[in-house]
Every structure is written in C-alpha cells, then in structure tokens.
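# Fold and contact review
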4 protein chains.
Amino acid sequence: MPKRTDRTARRQEILDAAVRVFARKGFATSRIEDVAAAAGIAKGTVYLYFDSREALLAAAFEDYAARSAALLTDLGAGPPLERLARLVRGAAEMLAAHPDHARVLLDVWASAPIRTQSATSPLDMARVYSDVRQAVTGLLREAEAQGVLRPGVDERHAAVIVGAIEGCLLQWLVDPRLPLTELADTIADVCVAGVRA
Amino acid sequence: MPKRTDRTARRQEILDAAVRVFARKGFATSRIEDVAAAAGIAKGTVYLYFDSREALLAAAFEDYAARSAALLTDLGAGPPLERLARLVRGAAEMLAAHPDHARVLLDVWASAPIRTQSATSPLDMARVYSDVRQAVTGLLREAEAQGVLRPGVDERHAAVIVGAIEGCLLQWLVDPRLPLTELADTIADVCVAGVRA
Amino acid sequence: MPKRTDRTARRQEILDAAVRVFARKGFATSRIEDVAAAAGIAKGTVYLYFDSREALLAAAFEDYAARSAALLTDLGAGPPLERLARLVRGAAEMLAAHPDHARVLLDVWASAPIRTQSATSPLDMARVYSDVRQAVTGLLREAEAQGVLRPGVDERHAAVIVGAIEGCLLQWLVDPRLPLTELADTIADVCVAGVRA
Amino acid sequence: MPKRTDRTARRQEILDAAVRVFARKGFATSRIEDVAAAAGIAKGTVYLYFDSREALLAAAFEDYAARSAALLTDLGAGPPLERLARLVRGAAEMLAAHPDHARVLLDVWASAPIRTQSATSPLDMARVYSDVRQAVTGLLREAEAQGVLRPGVDERHAAVIVGAIEGCLLQWLVDPRLPLTELADTIADVCVAGVRA
DNA sequence: CATGAATGAGTCTTCATTCAT
DNA sequence: AATGAATGAAGACTCATTCAT
C-alpha cells in the first residue's frame, strides 16, 4: 500500500516476479495471484502495469529478445570465425546466466501461434531467430571471403549453428543436469570445426 | 469381432485427433470438446479411452518417444560416422514427416516440470534425450576407436549433435518457412565435420 | 443433475427464473448465480442455454417484443377508434398481467445504447415502439377516413397515445401503488377523446 | 476567496461531468474514473465531493427533481386548462433542453428499488410523479369547478397526462429520431382535448 | 459403449473505494 | 485539497470431469 513513484522500477519488479513464477510452475499453471504474491503486492496491482497475463509473458519475451539482440552487436573484433565462437559462447552464457528467463522460453515457444503467412505477433520468436541467423550468415560470408571456410557453406549452416545453441538450451531446460555452461565451448567447437576449411 | 474397430484402434483415432487439434491451437487452448469434435465423437467418449486431458498429451508424447527410440535401432551397418549421419538425417526426416506430432513437442517441452533430481514423469523428455545422447556417444566412441575422430571429442559433443537436431526442429516449429527437410543433410554435415579428425 | 431432454423447456425455465430475479433486484445487481439458484440449477448450466448475462436480458426483451407484436394483430373488428381503445387496454392489461416482465423493461430501457444512426441491437426497443406507433397511426388514418377524427391528427398523436400507455406503465413500475389495470380504461378514454371529432 | 471556485461550484462541475458520462455510456458502464476524466480531475477527488458512485446518480436525480418541482410553480395565470397545457409543454421542453439529464432518468428508473410499502429512497421518483400528478389533479379540479371538464374526470386522468409526457420522453430516449420538442404541443393537445367537456 | 447435460471449482479481470503523499 | 497507486471484493465466464440415460 505504499505510494511508489517509480513506475518503471515497480513494473520491472512485477515482471521479475512473473518470470520467477513462470519458471517454477510454467506459464500455463501460473495464476496472476501467484505473480502478485511473489511480487508482494495485491492481484489488482499487477493490472496497473500489465494488461493481462499474456502481456506478462510478452514482456518477458521482450526482455529476452532485447538481450538476444544485444549479443549480436557486442562481438568485438577479430577473425570472423573467432567472432562466431564468441557469439555462440555468449549466447550460451547469457542463457545460463538467466535460468528463469530461459525456462520461460519454453512457454514462449509453446504459445507461438501457427504463423502461416507473416503476421507480427507480440511473441515474434521467428524474428529473433531470423536475426540471429542473419548475423551468423554474415560472419560465415566474411569467413568465406577470407577463404577459411570449406566450400558449400551457406545460410543453412547458420540455421544449424543457431540450432545447436537452442537445442542445447532445450536439453538443459528439460534436464538441468546437463551442464549448459560447460557446453558453450563444445558448441562453438563443433560449429566452427564443422564449417572450417 | 468388435463393433467397428477394436478398442485400440478407436483409442488411436482419438489420439490422432488430439494431436491434430493440439498442433493447430496449442495444448493450452485446446479443449476436450475440440478433440472430441475432431474425432467425430462425443465429449464423454474421450474419457472412456483417456483418463484426462493431460493423458492425451502424455500419450502423444509416448508416440513420439517410441518413434524416437526406433530411430536408434535402425541405423544399419557401415562406418560409425556414416551411421551417425544416418541417425541425424533420420531424426530430421521423422520430425518433418509428422509435423503435427512435432508441433505438440512444444507443449510437451513447456509442460516439463522442474526436475531437480530424478523423478519420473509421464512426459520424460529428459529420458528421451538422454537415450539419444547415449546412442550418439556410442557411435562417437566407435569412431574414436577407429581413429577417425579428432581428439577431445566426448559426450558433450553428443549433446551438441542432438542439440543441432532439436534446435533446427525448434526454429522450424517457430517459423515454418525454415526448410527442415533440406536442413537434414546440413545438420549431418556440420555434426560429422565438426567431430571428424 | 438430471438429464433433461427438452432443451426448449429448460431454456424457458431459466429465462423465467431470470426475469423473476431481474424484476426483484434489477438487472444491474443480479448475478448469474442468482438466476441459477432461482432456476434450481448450477451456474454453469445457465451458460449452456444463454451466451451471457446480457443474452438473458435480450431474451426477456424478445418475449416482451413478441407479446407486444401479438397485441397488434388481435384487435378484432369494429370501428377503428374502438379497436384503438382495445389496443390500449390490451397493452395495459398485458403489462399488468406480467409484472415481472414489465419490471425488466426498466433495465431494457436503460441498456438501450445511444442509437445515433440505425444499427440493429439485440434490444431494439425503438423498433417495438415504432411498430406500435405504425399500428396506431393506421387506426387513426382509418378513423380519419370515416370522418370521426378531429382535423390535424397525425402520427404525432400516435406517439402520444403510445406514450400514455408507456408513461402509465412507468409510473406503476416506479410506484406500484398506482393501479395500472384500473388505468387502462382511462388511458383509452383520454386517448380516444383526445383525437375524436 | 476560495482558490478557484468554491466547493459548491466544483461539486456542480463534477456532477455535470457525471451526467455527461452517464448519458453517453449509461450508469452501469460508467466508471468513476470516466467521470473524473470528464471533469478534468483525479479519481480520488470525486470522493471529496460525493460519497459514492451511487451518490452521483442520486445527485443527478436531485437536479431533475428540483427542476421538475420548479415546473409546478411557474404556471402563471390563466384558465386551468391553459395552465395545464403550459405545464405539459414546459415539461417536454425542459426535458428536451437537458438531453443528458433526461437520458440519466433511464438509469434512475432502472435503479428504483421495489418499493412494496413506503420506504424513502434517495431516488424517490415515485414522489416526483406523485407531486406532478397532484398538481395536475389540482388543475383538473379547478377546471371541473369551472365546468369546462367533461364528467368523470378524476385523478386517474392526471396519471394519464403525466404518463403521456413521460411516455413520449421514453420513446425519444429510446429513439432520438422522435422529435420530442415538436411533440410538446401534441401532448398538450391530446391531454386537454381528452378531458375537456 | 456412447452420449451430452449438468456441475462447480478455478481464474481472469474490473473497478469502487481508500489513503499515503 | 488533490492525487493516483494500491487494494481486494465481486462476478462473469470456462471447461475438465462426471454420470444418468
């Protein structure tokens, strides 16, 4: 019942609580009241900051999408395959560093509607992956121009590299015993070795 | 001579209808009545064959798990890395051949409970992945014994290979424009090249 | 929990219960559960027969509209002003005979949206009154043709005659001490005397 | 010298805003926040001037009741039937001149509790109509004393006359295409002709 | 076996009202 | 006085599940 002034901070508190709850129970069985309780506020207060339960999931996705986009711009300098390895490791580490957010991705994936045509949804996971593939494809092209790639490498390989990351993430989410962090190097390893000349 | 179809066949009809419905709308928004309608039967009849809505999802998972296990035993003969490539391609093709079942995996993943320790759930996706990783690890060991592997390859690489498949599946599910079938060779390509000596 | 077969009868039972409840408490404060309780069924059952709380009000209105339309066709024979008197009395008696339905009209009126243009609403009270005015206008025209009307009578007088009925109804609804039935003759009296040559 | 306006004026501003809002959306769907927004103030401020949402409706009714009472005292001089016609026209014109207030009457009517016995409510519409009927009855008695009434006219006719006004108002509220102002003369016409000797 | 009417627990969401600032 | 963040009671509606027919 305190009168908070920083709407943004309060919003983030609620979102963090939501991610925590969604991660524990899954989105499907998480009630708004659970989120409110986790945030230490009343049910109705959640609605002052988010339009609906869905909006909480969408906001969580936005957080992820933003972090994901940031990865693509912080690759530093160096040979393209080195930057690729950095990108792969960065992604794995980012996911491992935010396990609750990562767990919520399962729900984001599941709530992705069948996208026959285009249609932009609030949970445009397709766009995120497309962007990452673009970035990887760019790095592969650079490497190819430098002659360090074996022939026949194309954007499909970008999909496989992105897939390797997400697939390891998935296995880790489904079975936390899998050491995602330790896997980061291996992913980079396989991916780079898999395309190098 | 049962009436029209025996109990097992009718059960499978219902399950197929459920998979169809779950694939279109997602498990969360699919109602028992939708499944019944898709199967051309009444709501109550579903309960004569399945204990609950959850049981339908579990049964769909079982179908997948069985097909997945089958993949591991039909690798034929030949050099281990060839069999590995066959396994990878087989998995991708199996998934692409059953798009509705594949879509339901999104819901299976999302309904995976947090599994701190062991705990066997009706949706033991962890077990499935573990089995596949075991198989891949076996092939890698064989290859290693034959000296065709570069040094340092271990069971982590198995996780990455499995991850590449599942991650491509995921991207395809989230964005059907991605050509999963065409990707099969590329996945095998990268995975094998990524571990070969 | 009995298994009823006559859907129409059950629907009418629920609607009757709803009218009873709405009449006692007003639509605004009547909960679906109240209606269900009055009908001796569970809350959810109401929704098997009506889409929403609003739909119950709309259905109650339909009952009224139908009864109202019936009034316009059962005027029998005789001089037009006699038939007009019969119409007026019939309306008053019909309303008095169904006090609960009449009370619900207050809520129907209040829920009539502002109808700037045309737009057909499920509660088209405007249409009902328009129809009655048409009928009254028809009778007045007949009377005029027979020369029994004083000059200058037009469709406005129809509105006033309809108004007299509805206005008495309103006063009765707001203050049940007013004897609507006794008023029927007076309304007919004033209306006929007010237009006669 | 109060800040900008004194308490009474501010209260009236809010009430006017409320009437505007209630007229557009109906009382049932009007939220306090809507009223505050229409008045250009914050939600909480409304409560400094009105105890509750209901109190706003009651206050709107009071305004109407006061205007209605005023009608009864400004009839000027002249023959009683002339004053009656003036009263009828005055009522219709008053209502037409304040369409928002008139629209709110629909909600006032609908919120009238079932009044089995007496019971004074904050929305005593019964009292208002009773008072008007008294006034009309007074005029009719005067006319009767002057021998200008046909025999048999009593207080029931007063109810019909009041009913004619309110019923026309109702039709206009439900269907704004009806020209209430033009109807004023017709109402007076029918009512006077309906009772004159 | 099959049906589908009935149930009622479960949740989202709204919004009148309060009160700390 | 004014504000608007916070509250939480209230209620519409859904739908998995049951069971009488």
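Residues numbered from 1 in each chain as written. Chains lettered and ligands numbered in written order. Predicted model: local features only at pLDDT ≥ 70, side-chain atom pairs only at ≥ 80, totals over all residues. Heavy atoms only, no water.

### Re the domain arrangement of chain A
Residue and element names in this part refer to chain A.
- Annotation of chain A at the domain level lists domain 1 (1–51) and domain 2 (58–194).
- The gap between the C-alpha centroids of domain 1 and domain 2 is 29 Å.
- Put simply, domain 1 and domain 2 have one salt bridge between them. (Domains from an automatic or database assignment. Salt bridge = Lys/Arg side-chain N within 4 Å of Asp/Glu carboxyl O.)

### Some remarks on the pattern of salt bridges
- Enumeration according to the criterion identifies 49 salt bridges over all chains in this entry.
- One salt bridge in this structure joins Arg133(B) and Asp175(A), with 3.9 Å as the shortest N-O distance. With Arg133(B) in helix H7 (residues 125–145) and Asp175(A) in the loop between helix H8 (155–174) and helix H9 (180–195), this pair bridges two chains. This pair shows no difference in class: Arg133(B) is buried, exactly as Asp175(A) is.
- Of the charged contacts in the structure, one is a salt bridge between Arg10(C) and Glu13(C), with a shortest N-O distance of 3.4 Å. Taken together, the residues span about one helical turn, with Arg10(C) and Glu13(C) both in helix H1 (residues 7–25) at a distance of three residues.
- The exposure class assigned to Glu13(C) is partly exposed, which follows from its relative accessible area of 36%.
- Each of the salt bridges in this network shares a partner with another, and the network as a whole consists of Lys25(A), Arg31(A) and Asp34(A). (Helix = DSSP H or I, 4+ residues; strand = E, 2+ residues; numbered from the N terminus. Buried < 20%, exposed > 50% of the residue type's maximum accessible area, 1.4 Å probe, protein only.)

### Some remarks on the relation of the copies chain A and chain B
- With an axial shift of 0.0 Å and an RMSD of 0.1 Å, the rotation relating chain A to chain B amounts to 180°. Between the two chains, the operation in question is that of a two-fold axis.
- Of the residues that chain A buries at the interface, 100% are likewise interface residues in chain B, meaning the two copies contact each other through the same surface. (Least-squares fit on C-alpha atoms with pLDDT ≥ 70 in both. Contact = heavy atoms within 4.5 Å.)

### A look at helix H4 (residues 53–71) of chain B
Residue and element names in this part refer to chain B.
- The terminal C-alpha atoms of H4 lie 28 Å apart, and with 19 residues this matches the ideal 27 Å at 1.5 Å per residue to within 8%.
- Here H4 has its buried residues at Leu 56, Leu 57, Ala 58, Ala 59, Ala 60, Phe 61, Asp 63, Tyr 64, Ala 65, Ser 68 and Leu 71.
- Residue Ser 52 occupies the N-cap position of H4, its side-chain oxygen lying 3.3 Å from the main-chain nitrogen of Glu 54. (Expected span 1.5 Å × (residues − 1). Polar contact = N/O pair within 3.5 Å; in protein donor to acceptor, adjacent residues only side chain to side chain.)

### Some thoughts on the interface of chain A and chain B
- On the side of chain B, 39 residues touch chain A, which itself brings 39 residues to the contact.
- Per-residue buried area on chain A facing chain B is highest for Val160(A), Gln171(A) and Val174(A); these three make up 16% of the total on that side.
- Between the two partners, chain A and chain B, sit six salt bridges.
- A salt bridge links Asp189(A) to Arg150(B); its shortest N-O distance comes to 3.1 Å.
- Between the two partners, chain A and chain B, sit twelve residue pairs in polar contact (both at pLDDT 80 or more).
- Sort the elements by how many residues they give to the side of chain A that touches chain B and H8(A) lands first, with 13 residues.
- A per-class count over the side of chain A that touches chain B returns 22 nonpolar, six polar and eleven charged. (Buried area = accessible area lost by both parts, 1.4 Å probe. Nonpolar A, V, L, I, M, F, W, Y, C, P; charged D, E, K, R; others polar.)

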